[in-house]
Amino acid sequence: MITAGFVAIWLAWLMAGGSPGPATMGIAGTAMNEGRTAGLAFALGICAGSAAWGIAAALGLSAIMLANVWVFEVIRYVGVAYLSWLALNALRRALTSDEVALGNPVRGSLATIFAKGAAIHLTNPKAILSWGSIYAIVAPNDASLRMLLSYFALLYAGSLLIFIGYAFLFSSARMVNAYRRARRWFDFAFAGFFGVASYKILTVRLS
C-alpha cells in the first residue's frame, strides 16, 4: 500500500494542506495573537471537521467505487484542476510584492474557538472534494472500505501534522518573522510542486 507514488501524493497532500488558505491562516492568526492554546483549539476544530468529511467520503466512495469506475475518473480530473488552481494561486502570490496577511484571530472560549474551527471545514465544499479526489487518486478501483479507511488514517496523520504544527510554529514571533521573509520562496516551491503533482496525476494510469 505504501509505494513511492503514494509517498509523493502524501507530500502533495501536506503541501496543499500547508499552503495559505482560510484554515492555515486562521490558525496562524489565532496562535500569533491569542496564544498557543487558542491556536491549538482552533487547529483541533479544523481537524475534527476534516475527519468528518474524510470518513464520510470513504464510506460513500467505498460503494460507488465498485459500481461506477467512471466517477473516479471525473473526480481525478477535478483533483487535477484543483491542484492546478493551487499552483496558479501560489505563483501569483510569489510574483507579487504584497504582504500576505496572516488570518484574523478567532476569539472566545476554547470551546467556541474549537467549534469555529470545525465549522470552517464542515461548511467548506472543497474539503469533501479534496478527500474524494485523493481517494480516487491513491486507491485502486476495487478498494475495500478497510483499505479506504487505512488511506484515511495515513492522510489524516498528515493533516494533523500540518494544522497542529501551524499552531505551534505561529505562536512563536521568530517563526512569523521568518515566514514573512521567506514567504515568496515558499510560494514558488508550492507552485512548482502543485504543478508537477497535477501533471503526474493527469498522466498516471490508474489500476
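Please read these numbers as outputs of a predicted model, since none were measured by experiment.

(A) Broad picture of the overall build of the protein. A tally of regular secondary structure across the protein gives eight helices and zero strands. Considering the protein as a whole, with its 207 residues, one finds that 44% of them fall into the buried category.

(B) Expanded view of the packing of aromatic side chains. Per the stated rule, a full pass over the model turns up four aromatic pairs. A ring pair is formed by Phe152 and Tyr156, whose centres lie 5.2 Å apart and whose planes are at 15°; its orientation type is stacked. Placement of the pair is Phe152 and Tyr156 together in helix α7 (residues 145–169), with a separation of four residues, close to one helical turn. Ring geometry for Tyr166 versus Phe170: centroids 5.2 Å apart, planes at 25°, classification stacked. In terms of burial, Tyr166 and Phe170 fall into one category: buried. These aromatic residues form a ring-pair network of at least three members: Trp13, Trp131, Phe152 and Tyr156.

(C) Quick look at the environment of Ala23. Position of Ala23 relative to the elements: it lies in helix α2 (residues 22–34). Classification of Ala23 by relative accessible area gives buried; the value is 10%. Spatially, the C-alpha atom of Ala23 lies 9.8 Å from that of Cys47, the residues being 24 residues apart in sequence. Residues within four places of Ala23 in sequence aside, it is in contact with Phe42, Ile46, His121 and Phe163.

(D) View of a nonpolar patch on the surface. There is a patch of nonpolar side chains on the surface, built from Ile55, Leu59, Leu145 and Leu149 and spanning about 310 Å² of accessible area. Listing elements by their share of the nonpolar patch, those giving two or more residues are α3 (36–67) and α7. Within the secondary structure layout, Leu149 lies in helix α7.

(E) Seen up close, the nonpolar core. Ile27, Trp131, Ile134, Tyr135 and Phe163 are the most contacted members of the largest nonpolar core, which totals 39 residues. Contributions of two or more residues to this core are made by α1 (4–18), α2, α3, α6 (125–138), α7 and α8 (173–203). Sequence-distant contacts of Phe163, defined by excluding residues within four places in its chain, comprise Gly17, Ala23, Thr24, Ile27, Ala43, Ile46, Cys47 and His121.

(F) Seen up close, the packing of α2 against α7. It is at 8 Å that the axes of α2 and α7 come closest, and there the two elements cross at 25°. When the interaxial angle is binned, α2 and α7 end up roughly parallel. Of the two possible hands of crossing, α2 and α7 adopt the one that is right-handed. Taken together, the residues of α7 that come into contact with α2 (itself represented by Ala23, Thr24, Met25, Ile27, Ala28 and Ala31) are Phe163, Tyr166 and Ala167. Split by residue class, the contact of α2 with α7 holds eight nonpolar, one polar and no charged.

(G) Molecular detail of α2. In a regular helix each residue adds 1.5 Å, so 13 residues correspond to 18 Å; α2 covers 17 Å between its end C-alpha atoms and thus fits that length. Of the residues making up α2, those classed as buried are Ala23, Thr24, Met25, Gly26, Ile27, Ala28, Gly29, Thr30 and Ala31. Taken from the residues just after α2, Gly35 is the one with a positive phi, measuring 105°.

(H) Region of interest: the environment of Ala31. Locating Ala31 in the fold gives a position in helix α2. Beyond its immediate sequence surroundings of up to four residues, Ala31 is in contact with Arg36, Gly39, Ala167, Phe170 and Ser171.

(I) Focus on the side chain of Ser50. If you trace the backbone, Ser50 turns up in helix α3. Ignoring any residue separated from it by four or fewer positions in sequence, one finds Ser50 in contact with His121, Trp131, Tyr156 and Ser159.

(J) Inspection of α7 at higher detail. The end-to-end C-alpha distance of α7, which contains 25 residues, comes to 35 Å, matching closely the 36 Å that a straight helix rising 1.5 Å per residue would cover. Every buried residue of α7 is accounted for by Leu148, Tyr151, Phe152, Leu155, Tyr156, Gly158, Ser159, Ile162, Phe163, Tyr166 and Ala167.

(K) Quick peek at the side chain of His121. Topologically, His121 is positioned in helix α5 (residues 110–122). Sequence-distant contacts of His121, defined by excluding residues within four places in its chain, comprise Ala23, Ile46, Gly49, Ser50, Trp53, Ala127 and Phe163.

So, how was this worked out
Residues numbered from 1 in each chain as written. Predicted model: local features only at pLDDT ≥ 70, side-chain atom pairs only at ≥ 80, totals over all residues. Heavy atoms only, no water. Helix = DSSP H or I, 4+ residues; strand = E, 2+ residues; numbered from the N terminus. Buried < 20%, exposed > 50% of the residue type's maximum accessible area, 1.4 Å probe, protein only. Phe/Tyr/Trp six-rings, centres within 6.5 Å; stacked < 30°, edge-to-face > 60°. Contact = heavy atoms within 4.5 Å. Patch = residues over 30% accessible without salt bridge, like charges linked within 9 Å, V, L, I, M, F, W, Y side chains within 5 Å. Areas by Shrake-Rupley, 256 points an atom, 1.4 Å probe, with all protein chains shown as cover. Salt bridge = Lys/Arg side-chain N within 4 Å of Asp/Glu carboxyl O. Core = buried A, V, L, I, M, F, W, Y, C linked by side-chain atoms within 4.5 Å. Axes fitted to C-alpha atoms, helices over the stretch in contact; angles between N-to-C directions. Parallel < 35°, antiparallel > 145°, perpendicular 65-115°, else oblique. Left-handed = near helix turned anticlockwise from the far one by under 90°. Nonpolar A, V, L, I, M, F, W, Y, C, P; charged D, E, K, R; others polar. Expected span 1.5 Å × (residues − 1).

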